[in-house]
Amino acid sequence: MLTYIDRIKILREKKIKDTLLKREQNGYTDLDDFGTVPLPKNYKVEPWFNSENGSFYGYDGMSENFCRVMDAHPPYVDPLEMLCGRWRDMLVNYRGDLHYMPDWRKAQLSDEDLAGVTNQWSKRWDEIRFPYDELKPLQKKYNIQTGIDGDAHLACDYSIGLSLGFGGFLEKINKYRAVNPDKKGFYDAEEKCVNAIIRFIDRHIEEIKRQLEIEEREEIRQNLEEMLETNLAIRLDKPKTFRQACQWVAYFNCASRVYTRDGAGFQLDTLLLPYYENDIKNGVLDDETAKFLIANLLLIDPHYYQVSGVDENDKDLTNHLSYLVLEAADMINISANLTVRVHENCDKEFLKKSAYYLLKNKNAWPRFCCDKTLTEGYMKNGISKEIARKRIAVGCNWMCVPGKEFPMNDTVKINIAKVLEQALIEMKSEDEKSTEKLFEIFTKHLTVAIEVTAKGINLHLDHQWEVTPELIMNLMMEDTLEKGLDISQCAKLYTIGVDGAGLAVVADSFGALETRVEQEKRLSWDEVYENLQNNFEGVKGERVRLMLNSSPKYCGGNTVSDKWAKRLTEVWVRKIKAQPMPDDRQLIPGWFSWSRTIEYGSVVGATPNGRKDGEPISHGANPNPHFRVDGSVTAQSSGIASVQCGYGNTAPLQLEFDPQLALDEKGVEIITKLILGHFKEGGTLININILDSDKLMAANKNPDLYPDLVVRVTGFTAYFASLSPEFRQLVVNRFLTNM
Amino acid sequence: MTFDKAVVADIERAAIHDGPGIRTTVFFKGCPLNCAWCHNPECKQKEPQEMFYPEKCIGCGMCKEGCFSGARIICGREMTAEEIFEQILEDKAYYFSDGGVTFSGGEPLIYPEVIKELIKKCKAENINTAAETSLALFDDELLGQLDLVMADFKIFDSEKHKKYTGITNDAIKKNFLKLDKLDVPFLVRTPIIPGVNDSIEEITEIRDYIKGFKNIIGYELLPYHPLGIAKQKALGLEEIRFKVPTKEKMEELRKYADLYR
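A. Expanded view of the packing of helix H18 (residues 435-467) of chain A against helix H21 (residues 503-519) of chain A. Residue and element names in this part refer to chain A. The interhelical angle for the contact between H18 and H21, taken along N-to-C directions, is 155 degrees, at an axis separation of 10 Å. By the angle class used here, H18 and H21 are roughly antiparallel. The segment H18 lies against H21, with Thr435, Leu438, Phe439 and Phe442 engaging Val506, Phe510, Leu513, Glu514 and Glu518. Split by residue class, the contact of H18 with H21 holds six nonpolar, one polar and two charged.

B. Representation of the sheet that holds strand E10 (residues 585-591) of chain A in the model. All names here are of chain A. Reading across from one edge, E1-E8-E9-E10 is the order of the four strands in this open sheet, with mixed pairing throughout. The two strands at the open ends of the sheet, each matched to only one other strand, are strand E1 (144-145) and E10. By the bridge criterion, seven bridges tie strand E9 (residues 494-501) to E10 in an arrangement that is parallel. Along E10, the bridge assignment pairs glycine 497 with isoleucine 588. Against the sheet, helix H24 (residues 560-578) touches strand E8 (413-415), E9 and E10, its axis set at about 165 degrees to E10.

C. Just the interface of chain A and chain B, in detail. Listed as interface residues are 31 residues of chain A and, on the opposing side, 24 residues of chain B. Across the interface of chain A and chain B, roughly 2300 Å² is buried in total on both sides, 60% from carbon and sulfur atoms. Summed over the three residues of chain A that lose the most area to chain B, namely A:Arg543, A:Thr634 and A:Lys673, the buried surface amounts to 29% of that side. For the pair chain A and chain B, the interface holds one salt bridge. Here chain A and chain B share eleven residue pairs in polar contact (both at pLDDT 80 or more) between them. For the side of chain A that touches chain B, the secondary-structure elements that each account for two or more residues are helix H23 (538-549), helix H26 (633-641) and helix H27 (665-680) of chain A.

D. Examining the domain arrangement of chain A more closely. All names here are of chain A. We note that the domain assignment places domain 1 (39-129 + 157-261) and domain 2 (135-153 + 398-626) within chain A. Using C-alpha coordinates to define each centre, domain 1 is positioned 36 Å away from domain 2. With 41 residues of domain 1 at the contact, the number on the domain 2 side is 38 residues. Together, Tyr59, Trp125 and Asp157 form the three largest contributors to the area buried by domain 1 at its contact with domain 2, with a combined 22%. Where domain 1 meets domain 2, there are five salt bridges. One salt bridge in this structure joins aspartate 149 and arginine 124, with 3.7 Å as the shortest N-O distance. For the pair domain 1 and domain 2, the number of links is 15 residue pairs in polar contact (both at pLDDT 80 or more). Among the secondary structure elements, those contributing two or more residues to the side of domain 1 that touches domain 2 are helix H2 (58-72), helix H6 (158-179), helix H7 (184-214) and helix H9 (242-260).

The rules behind these values
- Residues numbered from 1 in each chain as written.
- Chains lettered and ligands numbered in written order.
- Predicted model: local features only at pLDDT ≥ 70, side-chain atom pairs only at ≥ 80, totals over all residues.
- Heavy atoms only, no water.
- Axes fitted to C-alpha atoms, helices over the stretch in contact; angles between N-to-C directions.
- Helix = DSSP H or I, 4+ residues; strand = E, 2+ residues; numbered from the N terminus.
- Parallel < 35°, antiparallel > 145°, perpendicular 65-115°, else oblique.
- Contact = heavy atoms within 4.5 Å.
- Nonpolar A, V, L, I, M, F, W, Y, C, P; charged D, E, K, R; others polar.
- Pairing = 2+ DSSP bridges.
- Buried area = accessible area lost by both parts, 1.4 Å probe.
- Salt bridge = Lys/Arg side-chain N within 4 Å of Asp/Glu carboxyl O.
- Polar contact = N/O pair within 3.5 Å; in protein donor to acceptor, adjacent residues only side chain to side chain.
- Domains from an automatic or database assignment.

Given below as structure tokens:
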């Protein structure tokens, strides 16, 4: 008889094989694993384009193509699992976006078709109807990631869906269609999407029945029968048991991923707690089964789930299920995006257990966020404590109030290294040259960059519903179905995240100029400009580069560049918060680059910190390599804690290191203290990779030998073997910084 | 050199192998011993020294104007207790109850006044203090104020000790007796150097000498590692290389290092 452990072992091995097969089908993907499974042979979708530019938009376009892709999805039923359903393909693959386009999709396109796709978002946004040509020159000038058609960066309130079920969605749609007859197009599209999900479930039901006809092993038959019962129960009705709730979530997640890759989960340990407790009370669930179900849910999709934390009355939310979530994640031990919310009165044993698994598995989970700084920061935007506490970790760097907020978090970025470049260009023709003057010009350009960014955000908010309405997420947001409006039109909170990228490059540049040009007078401004112009060529240039690069850096510990980093943060926050926005919209500052450091760096020339033309910019709020001789993680931690923007968005501490700690009490204590220390200093989020140095180096040489190695690329985790050589090297380089 | 300053080779933050918790380790320069296997050879001499790493040289020919490539670096700078303490404070948020500062080197006890001042400041801030010492020097006032002492007992036989470290261990053995009377918990450590002290007899002799101490909290064996070789070369010193002990050897010897054996 197969035990749960036996089954998990087989599922894990299958996952590893799938990872390698996916890489064959998709090519390298510098993205989240997403939990997808390989495509079957002969998989084909005929997209329906409703725009002359060869893409599709709006209620009609999105709902029709959602149905086409969903209907093309074969069922996924593994008799060793307790849950079923997987997604494999997404709508964006048909919208001319080369950045996300997998190899199998490129192979379906002709050279002529491919010539029309872009490496950015152009076909995801309907530029024919909503052009923004007037913004493009400045967006390019400051290398702004505009957020225009940055979809799915919000969080559903899963309690809405769990209390309605798919049939309940249909009833609600019908009810409000009658109330808002002028919104027929909206309701028709929503209904069409829900029916596609129900058809998806129905195909699974048929597949389970088919397998039951041929399955002879009694224990497997029993599982399939229970699976069938679960699927029939949740096809239309709301889930009632823990297994049904997990299965319902799995289906919704598959659908939401197919639609817009939505990866925002929920507070896993509290939302599912009533189901767990009820089943335990009724004697239909035990902890081992609950753990298997959670592991199964995590296997289906590495959504961002938060665990632990504190409620609006300061009561610790950690419960028995919180522990089971960790144990389940340990059981399956794959790519996972679990975030532990840490607070002053948190269950210290739970925190230690979280650190224990991080150290034990070295697979980059869980990560940690700080309740105090996030809650108090978000409240500074005029939000109540009750709401602020509900703003949970559901993305790479970002938080969201489920059901209420439309934050666009992580979709809008300004490359401040590019802003610095513009400031340097302008100062070159000035008589006065100084770091003060440069900062003044930098601030002026930053203001312009923020203004144009805000215009892009407003364009997006005004028209997203006509381009990429959030038809799936709308099902679990407040007031959407009630009003017949897309969530982009009717959110209760428009706290829009704008992240700055390249902080360390800019801070170290100012620090190096102040040190070498102004204090020590080793270099003149002309020499600096000459060397930037010629990219530090020749031995003399290299000496200048090293001189600049060896100046005390950001995160060095009260260095000149630390001072500049704080000053840059102050001006960044002030300017972002001062930017006028219409209606109830407001901007929230953060520091984050996502995994775009190579891309952002490629458009920035040599910088005064000794960075050469085109080299990657610094990662998020992290320091540059060699920020200290000892690579001290505490120095990095304190440095990053000192540049928090303070309005509820993050500047994550992103650590890659091999602490060479034994898996014992001391090792766990050290990790726990590092986490608590960072949060005591004011930090918001820790994305942490504890890695085995030898394994990482060997995997970088031959990734296929380590298909189970998971790394946290930025906010998300990914299989190392799936990353492109450039990204693998990036992770290795970051790792070496802390060695 | 004045009494209120010490020459510091390096201050390492987030040290996790120099005592309990997260620590800041201050490496003082200067040591009365001259161990052949020393992994911090730059801390033997008290005065600041130039270290040369030719592989980093870019050949700009401007050494006198300052080297920025890392090829020529000066190891060691005079610091006051105040200056050192500023850096210790940087990581206060991470120390909690057991982490803190470790005075190391070289031999920290060659700067008793600076360290006493640092201990005073640390105590005022509730920062745990520890020292790594050869016990070739002794200062009961200083050692008595520490929260933890990590003392090396390298070789049992005095003449052999002199052969490999430059001094006999007669004073060191006596200092262990004195240390035990201070009511400060201490840890004894032996670096295992193949061909020198990697025998059961050696470890047994040391263990038997120390096991009766009332304030001893453990006896650790540390495998030799060759991290000092590159630094020996950079300092222009003779390269002395030993074998790295095998895991099996370390496990075997650790059985004999058990104080309750």
